[in-house]
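Residues per chain, in single letters:
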Amino acid sequence: TKVKEFLLHHEAPELRALYAGVLAPYEEALAQAQRAYDAKPNAFTLYQLGAKTTLITESVRLLEASVKLAVDEGRGYEVVRNACWLTQRLVLQGNYQSAASWGEWTLAEFDKRELKDNQSRLDVLNAWAYARILCGELAGLEPLLAENIIHLEVAYPSLARLFRSTLGDYLIACSRPLEALVHYEVNLADAPRYQVAAAIHDLTRGLLEVGKIDEALEISKRAPHLLENESP
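The sections below set out a description of the structure shown in this document. The shown structure was predicted, so the numbers you read here are calculated from the model rather than taken from an experiment. (Residues numbered from 1 in each chain as written. Predicted model: local features only at pLDDT ≥ 70, side-chain atom pairs only at ≥ 80, totals over all residues. Heavy atoms only, no water.)

1. Structural notes on the nonpolar core
Short version of the rule: The term nonpolar core refers to a set of buried residues drawn from Ala, Val, Leu, Ile, Met, Phe, Trp, Tyr and Cys, joined through side-chain atoms within 4.5 Å. Accessible area is worked out with a 1.4 Å probe on protein chains only. A residue is then buried under 20% of its type maximum, exposed over 50%, and partly exposed in between. For this analysis, residues touch if any pair of their heavy atoms sits within 4.5 Å.
The biggest cluster of nonpolar side chains holds 34 residues, and the ones touching the most others in it are L141, L145, F163, Y170, L188 and L203. With sequence-adjacent residues up to four places away left out, L203 is seen in contact with L181, Y184, E185, L188 and I219. Core analysis: the second largest hydrophobic core is formed by 16 residues, A36, F44, L63 and A131 among them.

Below you can see the structure in the form of structure tokens.
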């Protein structure tokens, strides 16, 4: 409330960009990010604008520009953070080869710069692994995904579910759907309210892979009701 009140009377572009990224209501966030960028174009405000842009092609374009701008400005943390978001948006765009390339570059930058944002590193590691699966580059992924699930179970259960989902996708790609189904079932059993729909999506796919059509139909009917009040 104090931040919103302050922004009513001050332009404060970087605070406004942060507000857009963290506190602003969904319907307000994009306009606030655009206003912040218009007032002060830099790597941070451009990143927030790219992150809040809903058109995926435009979001990718803005985030790629934000990485290059962060490099020019010499802002090491912003280089990596912006590249993390770019990698994940490339996955959503279906541009898996670019996502794999950017993910590999971002992970190398994390290590080179010795950054300690472990959660962001794990986010991009998962996106990189998923992109590689979709490109058919499977070598070495199974132990990497499995080890991270074990390490994340207590500290970051949400990330553990994400890695378990990706491991399930890896097993599907390796024609091991029964093993994948076990991971999808665990995710659905453990999922909080906001992750149930994604878990149902995975489990439905796994059931189809093993020929359990009636079960897939039954469980998929639950998803629309769970998504009624979610953002687009």
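Still more to cover.
2. Remarks on a negative patch on the surface
Using the following cut-off: Each patch is built from residues lacking any salt bridge and having more than 30% relative accessible area; the joining distance is 9 Å for like charges and 5 Å for nonpolar side chains (Val, Leu, Ile, Met, Phe, Trp, Tyr). Each accessible area is a Shrake-Rupley estimate made with a 1.4 Å probe; only the visible protein chains count as cover when residues are assessed. Any Lys or Arg side-chain nitrogen located within 4 Å of an Asp or Glu carboxyl oxygen qualifies as a salt bridge. None of His or the chain ends enter the tally, which takes Lys and Arg as positive and Asp and Glu as negative. Positions of charges follow a simple convention, taking NZ of Lys, CZ of Arg, CG of Asp or CD of Glu. Secondary structure elements follow DSSP: runs of H or I of four or more residues count as helices, runs of E of two or more count as strands, with numbering from the N terminus.
Negative charge collects at one region of the surface, where E185, D214, E215 and E218 lie side by side. Ranked by residue count, the leading element in the negative patch is helix α13 (residues 213-220), at 3 residues. One can find D214 in helix α13. On the basis of relative accessible area, D214 is assigned to the exposed category, the value being 65%.

3. Side note on helix α4 (residues 43-52)
Within an α-helix, residues lying three or four positions from one another point in the same direction, as the helix has 3.6 residues per turn. What counts is decided by this rule: Any N or O atom pair separated by 3.5 Å or less is treated as a polar contact, with the protein-specific requirement of one donor-capable and one acceptor-capable atom, and with residues adjacent in sequence counted only for side-chain atom pairs.
Burial runs high along α4: 9 of the 10 residues are buried. Turning to α4, the residues buried within the fold contact α2 (13-22), α3 (26-39), α5 (56-73) and α6 (76-93). The residue sitting at the N-terminus of α4 and contributing the capping side-chain oxygen is N42; that oxygen lies 3.1 Å from the backbone nitrogen of F44.

Don't take any of this as a statement about function, it's just geometry.
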